[in-house]
Amino acid sequence: MKNFNKCVFLDRDGVLNEDLGYISSIKKFKILPYTGKAIKFLNDRGYLVILITNQAGVGRGLITLKQLTSIHLYLKRIIKKNMATINDIYFCPFHPTHGIGKYKKNTQDRKPGSGMIKKAIKKWNIDIKNSFMIGDRKKDLLCSNGAGVKFYYKSKKKNLYQQVKELVKRK
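This structure is a prediction, so every number in the text was calculated from the model and none was measured.

Student: An account of the nonpolar core is requested, with residue identities and associated values reported.
Tutor: Note on soluble globular proteins: their nonpolar side chains tend to be buried together. Ranked by size, the top nonpolar core spans 49 residues in total, and within it Phe 9, Leu 10, Ile 52, Ile 117 and Ile 134 carry the most contacts. Look past the residues within four positions of Ile 52 in its chain and what remains in contact with it is Phe 9, Leu 10, Asp 11, Arg 12, Tyr 90, Lys 111, Met 116, Ile 117, Met 133 and Cys 143.

Student: Please set out the packing of aromatic side chains residue by residue, giving values where relevant.
Tutor: For any pair of aromatic rings, the description consists of the separation of the ring centres together with the inter-plane angle of the planes. One pass over the structure, following the stated rule, counts six aromatic pairs. Ring plane angle 70 degrees and centroid distance 6.0 Å describe the contact between Tyr 47 and Phe 132, whose orientation is recorded as edge-to-face. Of the two residues, Tyr 47 sits in the loop between helix 1 (35–44) and strand 2 (48–54) while Phe 132 sits in strand 4 (residues 132–135), which places them 85 residues apart along the sequence. Neither Tyr 47 nor Phe 132 differs from the other in exposure class; each is buried. Where Phe 132 meets Tyr 152, the ring centres are 5.6 Å apart and the plane angle is 85 degrees; that geometry is what we call edge-to-face.

Student: With reference to specific residues and values, describe the pattern of salt bridges.
Tutor: Under the criterion given, the structure shown has eight salt bridges. A salt bridge links Lys 111 to Asp 140; its shortest N-O distance comes to 2.7 Å. Residue Lys 111 is found in the loop between strand 3 (88–92) and helix 4 (115–124), and its partner Asp 140 is found in helix 5 (residues 138–146); the two are separated by 29 residues along the sequence. Pair check on accessibility: Lys 111 and Asp 140 agree, each one buried. A salt bridge links Lys 158 to Glu 166, with the nearest nitrogen and oxygen atoms 2.8 Å apart. For Lys 158, a relative accessible area of 30% corresponds to the partly exposed category. Here the residues in one salt-bridge network are Asp 11, Lys 111 and Asp 140, joined through shared partners.

Student: Break down the environment of His 72 for me, with residues and values.
Tutor: Along the polypeptide, His 72 turns up in helix 3 (residues 65–80). Given a relative accessible area of 6%, His 72 falls into the buried group. Along the chain, His 72 and Lys 30 lie 42 residues apart, while their C-alpha atoms are 12 Å from each other. If sequence neighbours within four positions are ignored, His 72 has contacts with Arg 12 and Ile 89.

Conventions used here
- Residues numbered from 1 in each chain as written.
- Predicted model: local features only at pLDDT ≥ 70, side-chain atom pairs only at ≥ 80, totals over all residues.
- Heavy atoms only, no water.
- Core = buried A, V, L, I, M, F, W, Y, C linked by side-chain atoms within 4.5 Å.
- Buried < 20%, exposed > 50% of the residue type's maximum accessible area, 1.4 Å probe, protein only.
- Contact = heavy atoms within 4.5 Å.
- Phe/Tyr/Trp six-rings, centres within 6.5 Å; stacked < 30°, edge-to-face > 60°.
- Helix = DSSP H or I, 4+ residues; strand = E, 2+ residues; numbered from the N terminus.
- Salt bridge = Lys/Arg side-chain N within 4 Å of Asp/Glu carboxyl O.

See the structure below:
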């Protein structure tokens, strides 16, 4: 019998960092306070932490894959200062109408589709009943619901650490 993992899926922009539109450099990437502490809290309680993020800026030609990778490595390096780990990052570079060339594509990976979460569930053997997602937009809610994962909107009154602490206490 397989062991299943519990997981917290996190949207990126507006949840882990300030949502400043299409960000193409580390200089413009502003990580929100207590992000590392929140992820460390989840790690310590046995949760996998997986990012689920649309990144149509790649498909629109506003940011390269190399720049996106750089930003994600920077995020991981900063939260590592809190001894925190992001286990995996799923991103969708496609856009059905504004994508350029191979990136002009309609796909279930793009939120509100739930393809990225479904791939993570399969790869990481995730127990969806003991997992949840935090996002800041309706497309995050629809993505989560499509995969059968409980959803919470990012609190406007609390930082991410305060919010995850409360959510995990309820479990």
